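# Fold and contact review
Here are the chains, one letter per residue:
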Amino acid sequence: MRTIARAVPPRPVLLTAVALTTAAGSLLLQPRPADATPRPVPRRGSAPDPTIREGSGPDHYAARAPVTATRRALTATVPRTDPSLGYPRRHLLSPDPTNPADTSLKLGLTPYHALAPRLNSLQQLGDRVSVEVVGVSSAGHRLYLVTVTAPETTAQATTQERMRELIENAPATAAKSPEIKAGYKTPVLFDNNIHGDEREGTDASLDLIQQLATANDTNTKDLLAHSRLYFNITANPDGRIAGTRANANGFDLNRDLITASQPESRTIRALTIDKQPAVLLDLHGYVNGTLIEPTTPPHGENYEYDLFLKNTYANALGMETAVNALGYTPATDGVSPVHIPFRDQTEGWDDWPPVFTPQYAAFQGAVAAHTVEIPLQVNNSAYDTLPTAELHRRAAINVAVAGAAMRATLNFARSHRSSLIADQIEMFRRGATGAEQVPVSPLTVPGVPGIGPEDVYTTDFPRAYTIAPDTAGARLVAHLIANDVRVLRAATGPYVVDMHQPKRGLANALLADGRDISDKVTAMYDISAWSLGRLWGATVEPAPTLPTTPLTAIAAPSPVAHVAPHGDLRLPLTDPAEFAALNSLLRQGIPVRRSPDGSAVLPEPGTNSARAKVTEAAKAYDVAFEATTLPGVTALHPLRVAAAVTAGELFALREMGFDVTPVSTDILNAGFDWSKADVLFVSTELEYDDLTPTARTALHAFLSSGHGLVGRGITGTAFASTTGLLTATPISGTEEANGVVRVVNSGEVTTGAPPYGFVYAPVWFTELGPDIHVEQSYATGNPLLAGHWRTRAADGTGGPGDAAGRPSVISSRHAVVFGTEPLFRDHPKGELPQVGRALFTMAHTNDGTRARAHASSGSVEESR
């Protein structure tokens, strides 16, 4: 049986009739001469679109990320520049070694190793261009920020920062400030190449920067005198070099903005917070005739969407005019007219989840933010099969289209700078004062045609949220603060998030349950729920009022680290940080045993060096070792995991400190050394039927000698069944279903787990064998708390009602199988420990026993 496919072909787009006129006052260049076959998409008011989802696609190298890339992602910090420094800020960049294998070369585009010399030369063109290194990628490549603006003294830069802070922190005052109205420079951010094989935005930005550096026309001088233009030159240099959508850890960075597991994502987060752009463009490919947001419904319910739609739609029209004015046609170049999803499409390209760069930026002050999908495909099969000359032709057209979109955006920012900043101030004012959201309508957003009830999404913000101050709570609080969400606390007690704050929308998006939107649309573009309040393991509760005790703002959570001074020590193993601490201690030879409740018990450290190691682990991972009288039953040992998993799962396992060796069908067929593994984890890329006889023999020898299996989904269950480790029938829900679900935990693997899980193409189990134990079940009734999960249109099956009460995690003596997604994109932190417990449960131990022996008595009845 095969893994459920999650990737869908790129969106088809609608041919839209538009006037091919040039916007007045256009900045700079005119580009050059393209091919892709457009397919029609229904307009608004017509039949619903077919389900169209864009995923990362099958990447057979995603789960082979080096340990060094994981380590760098877990430890890399984002350097912050001094906002009071004047401009220009010149930095001489050291060159990178020439890399003839850089995949950009085949397209006639700029390879990564040529960026530093090019940026050095751009800084020499005058006093408008500054280059800074603002981060490092997972593979260790520098991340460059270019700022283009009129020169500023230190005093002027300090004044700009003071005004920026006033806009966010005192919006009512900022709204009345003549200084801001006259002198604040509008921040505009261009984010390029977040998908590594969608490269042309980088080259268009380099061309535009060069022109801005030297142009002396009135419009350019006015623009730079009243704006700061920021260019994230390549957000994903790893993928640019390798020709992959993902970074070196296999992550789609444009799905990571809420989790921020990767250093590249954290850099984008820092830029949007520090620069506070009013306008943002995120340049992608490839959708023919160039797709320009705003999006279809559903729209994120936490946005001030009236402000966002007003500006984003107006800028989209300007970009449309500029792109269509390039003169490309379907007949001569293969390029269709521009497509604006809000106007031209019913559903399927939504802005519901804030995991994408423009949607995340909307919470950080952007009142016009767009994904722009340039038209002509040059990646994937096109890259491998088209002649080089055709690839060059297409890439050149894409660079021209990207440049036209950017120039139009600069025109918009220049001509609308007062209203853009006023709307940014109003967004922060509403949050700070707890004002009601303004539903979109033809009256509230004049000039935007086609607004209907399907576009109205608002929410009720609680007065506050409280967060319990344990390990999971401290991690969540640190994450909130990193996202510029304000957190308060009294001397003791829970953390408090006062929802009267400028970025209340982001706070609520992170902490609220979300909504079941299954009845709103037939298809969603990506995930439909992501609640940190339910999935990160912390105790988070909405509160109708603020606590009466005095509260003060905090810059960081209080440390949780603690080691009881006497007695045996207990580590609950209900948090990924606790598993990281456990694995660290096991590698150092500290004796650890497993207690009957699944926690880890450390005999009282008998030496100062042992206690010092425990204390160091407590501090490093911010966990608490409490005194305990629980017995330690089974000795635990360092685990070596052979894993056929997704990139997100591999990263999550390594985050918990496991020693993981990625495997696949090909790797096993090539002769895998099973002596290097203690347990096998299978979720993808391992098909038993495709193994050679020799590989099967080696696999069975490993499993029959006492080593167990942890599986996920259809592939993992099929593998457990085929190898005889477990008897159950997996049932698939609808393929596109995803969200936060209610679950009932009933086994040792799920001890201490939250009563919520995450699903993406959910699976449940029937026809359980006689020795199968139900570790967890979907809740009865409707298990979906938030997300999008419908029945199949053809036969009405596969919905949440079919899953209700059914087992979601099961185990046998030799296997544990998950129907949920506990490691999805490294996001649901509170679910990660279930897999950690399962791995230790199934691992072969040195004394020939398992960490947990299944009761051999009687079968467990299938739940309903």
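Residues numbered from 1 in each chain as written. Predicted model: local features only at pLDDT ≥ 70, side-chain atom pairs only at ≥ 80, totals over all residues. Heavy atoms only, no water.

### Considerations on the overall build of the chain
Where we set the bar: Runs of E in the DSSP output that reach at least two residues are strands. Runs of H or I that reach at least four are helices, and both are numbered from the N terminus. Here's how the labels work: a residue is buried when its accessible area is under 20% of the maximum for its type, exposed when over 50%, partly exposed in between, all with a 1.4 Å probe on protein chains only. Using a 1.4 Å probe, accessible areas were evaluated by the Shrake-Rupley method; residue-level cover was limited to the displayed protein chains. Neither His nor the chain termini are counted; the positive set is Lys and Arg, and the negative set is Asp and Glu. One atom stands in for each charge, and that atom is NZ of Lys, CZ of Arg, CG of Asp or CD of Glu.
Scanning the chain from N- to C-terminus turns up 26 helices and 32 strands. Each principal axis of the C-alpha atoms in the chain carries an extent, and together these give about 85 × 65 × 55 Å. Put simply, the chain has 864 residues, and 61% of those count as buried. Split by element, the accessible area of the chain, about 29,700 Å² in all, is 55% carbon and sulfur. Averaging the coordinates of the 73 positive side-chain charges in the chain and doing the same for the 87 negative ones gives two points 4 Å apart.

### Let's talk about helix H14 (residues 388-415)
Worth spelling out the cut-off: For a helix, the expected span equals 1.5 Å multiplied by the number of residues minus one.
The first and last C-alpha atoms of H14 sit 41 Å apart over 28 residues, in line with the 40 Å expected at 1.5 Å per residue. Burial of H14 is extensive: 22 of the 28 residues sit out of reach of the surface.

### A word on the pattern of salt bridges
For clarity, the threshold we go by: The term salt bridge refers to a pairing of a side-chain nitrogen on Lys or Arg with a carboxyl oxygen on Asp or Glu at a separation within 4 Å.
Summed over the entire model, instances satisfying the criterion amount to 39 salt bridges. For the salt bridge of Lys-310 with Asp-423, the shortest nitrogen-to-oxygen distance reads 2.9 Å. Separated by 113 residues along the polypeptide, Lys-310 in helix H10 (residues 305-324) and Asp-423 in helix H15 (residues 417-433) bring together distant segments of the chain. Beyond isolated ion pairs, a larger network of salt bridges with shared partners links Glu-198, Arg-245, Asp-252, Arg-255, Asp-526 and Arg-825.

### Let's talk about the side chain of Thr-371
Just so we agree on the cut-off: Contact definition: two residues touch when any of their heavy atoms are within 4.5 Å.
Here Thr-371 shows up in strand E9 (residues 368-374). Among all residues touching Thr-371, those that are not within four sequence positions of it are Asp-282, His-284, Leu-291, Ile-292, Glu-293, Trp-349 and Pro-358.

### Re the packing of helix H19 (residues 576-587) against helix H20 (residues 608-621)
What counts is decided by this rule: Lines fitted to the C-alpha atoms define the axes, with helices restricted to the stretch that makes contact. Angles between their N-to-C directions range from 0 to 180 degrees. Put simply, angles under 35 degrees are roughly parallel, angles over 145 are roughly antiparallel, angles from 65 to 115 are roughly perpendicular, and the rest are oblique. Helix crossings fall into two classes, left-handed where the near helix is turned counterclockwise from the far one by less than a right angle and right-handed where it is turned clockwise. The classification used treats Ala, Val, Leu, Ile, Met, Phe, Trp, Tyr, Cys and Pro as nonpolar, Asp, Glu, Lys and Arg as charged, and all other residues, Gly among them, as polar.
Put simply, H19 and H20 touch, their axes get as near as 9 Å, and they point 150° apart. By the angle between their directions, the pair H19 and H20 is classed as roughly antiparallel. Once H19 is placed against H20, the crossing between them reads as right-handed. Contact residues: H19 offers Ala-577, Ala-580, Ala-581, Ser-584 and Leu-585, while H20 offers Lys-613, Val-614, Ala-617 and Tyr-621. Considering only residue class, the contact of H19 with H20 consists of seven nonpolar, one polar and one charged.

### Remarks on the sheet that holds strand E2 (residues 142-148)
Our working rule: A pair of strands is labelled paired if DSSP reports no fewer than 2 bridges between them.
With mixed pairing, seven strands are arranged side by side in an open sheet as E1-E2-E4-E3-E5-E9-E6. Unpaired on one side and paired on the other, strand E1 (129-136) and strand E6 (291-292) mark the two borders of the sheet. Sheet analysis places strand E5 (residues 279-285) next to E9, joined by seven bridges and oriented parallel. Among the inter-strand pairings, His-284 is bridged to a residue of E9, identified as Glu-373.

### Considerations on the confidence of the model for the chain
Going by this rule: What pLDDT reports is the predictor's confidence in each residue, on a scale of 0 through 100.
Per-residue confidence for the chain averages 91 on the pLDDT scale, and 91% of its residues sit at or above 70. Low pLDDT, under 50, characterises residues 1-57; the stretch is placed with 188 contacts to residues that sit more than four places away or in other chains.

### Examining the side chain of Ser-137
Looking at where Ser-137 falls in the secondary structure, it is placed in the loop between E1 and E2. Ser-137 sits in the buried class, given a relative accessible area of 0%. Sequence-distant contacts of Ser-137, defined by excluding residues within four places in its chain, comprise Arg-72, Leu-143, Pro-237, Asp-238, Pro-263 and Glu-264.

### Regarding the environment of Ile-340
Note on placement: Ile-340 falls in the loop between H10 and helix H11 (341-344). Overall, the relative accessible area of 0% leaves Ile-340 in the buried class. For the pair Ile-340 and Pro-294, spaced 46 residues apart in sequence, the C-alpha to C-alpha distance is 6.7 Å. Excluding its chain neighbours within four sequence positions, the residues that come into contact with Ile-340 are Ile-292, Pro-294, Tyr-313, Ala-316, Leu-317 and Glu-320.

### Let's talk about the nonpolar core
Counted only if it meets this: Throughout this description, the term nonpolar core refers to a set of buried Ala, Val, Leu, Ile, Met, Phe, Trp, Tyr and Cys residues connected via side-chain atoms within 4.5 Å.
In this structure, Phe-231 and Val-497 are the most contacted members of the largest nonpolar core, which totals 152 residues. Take this core: its biggest share by element is 14 residues, from H14. The contacts of Phe-231, once residues within four sequence positions are left out, are Tyr-144, Leu-145, Val-146, Val-148, Phe-190, Ser-205, Leu-208, Ile-209, Leu-212 and Met-406.

### Some words on the environment of Arg-414
By secondary structure assignment, the location of Arg-414 is in helix H14. Residue classification places Arg-414 among the buried residues on the basis of a relative accessible area of 19%. Considering only alpha carbons, one finds Arg-414 and Gly-798, 384 residues apart in sequence, at a separation of 51 Å.

### A look at the packing of helix H6 (residues 200-214) against H14
Where H6 meets H14, the axes come as close as 8 Å, and the angle between the chain directions of the two elements is 55°. As far as their axial angle goes, H14 and H6 are oblique. Read as a crossing pair, H6 and H14 show a hand that is right-handed. In this structure, H6 contributes Glu-200, Gly-201, Asp-203, Ala-204, Ser-205, Asp-207, Leu-208 and Leu-212 to the contact, and H14 contributes Ala-395, Asn-398, Val-399, Ala-402, Gly-403, Met-406, Arg-407 and Leu-410. For the contact of H6 with H14, the per-class residue count stands at eight nonpolar, four polar and four charged.

### Description of unusual backbone geometry
Excluding glycine, residues mostly have negative phi values, and the peptide bonds linking residues are mostly trans. A cis amide bond links Gly-285 with the next residue in sequence, Tyr-286, at an omega value of 5°. Following the sequence through the fold, Tyr-286 ends up in the loop between E5 and E6. With an omega dihedral of -25°, the bond running from Asn-288 to Gly-289 counts as a cis peptide bond. Considering the arrangement of structural elements, one finds Gly-289 in the loop between E5 and E6. Phi at Asp-622 is positive, roughly 55°, even though this residue is not glycine. Counting through the fold element by element, Asp-622 comes out in the loop between H20 and strand E19 (624-628). The backbone of Glu-767 shows a phi angle near 50°, a positive value even though the residue is not glycine. Along the polypeptide, Glu-767 turns up in the loop between strand E28 (763-766) and strand E29 (773-778). For Glu-767, a relative accessible area of 56% corresponds to the exposed category.

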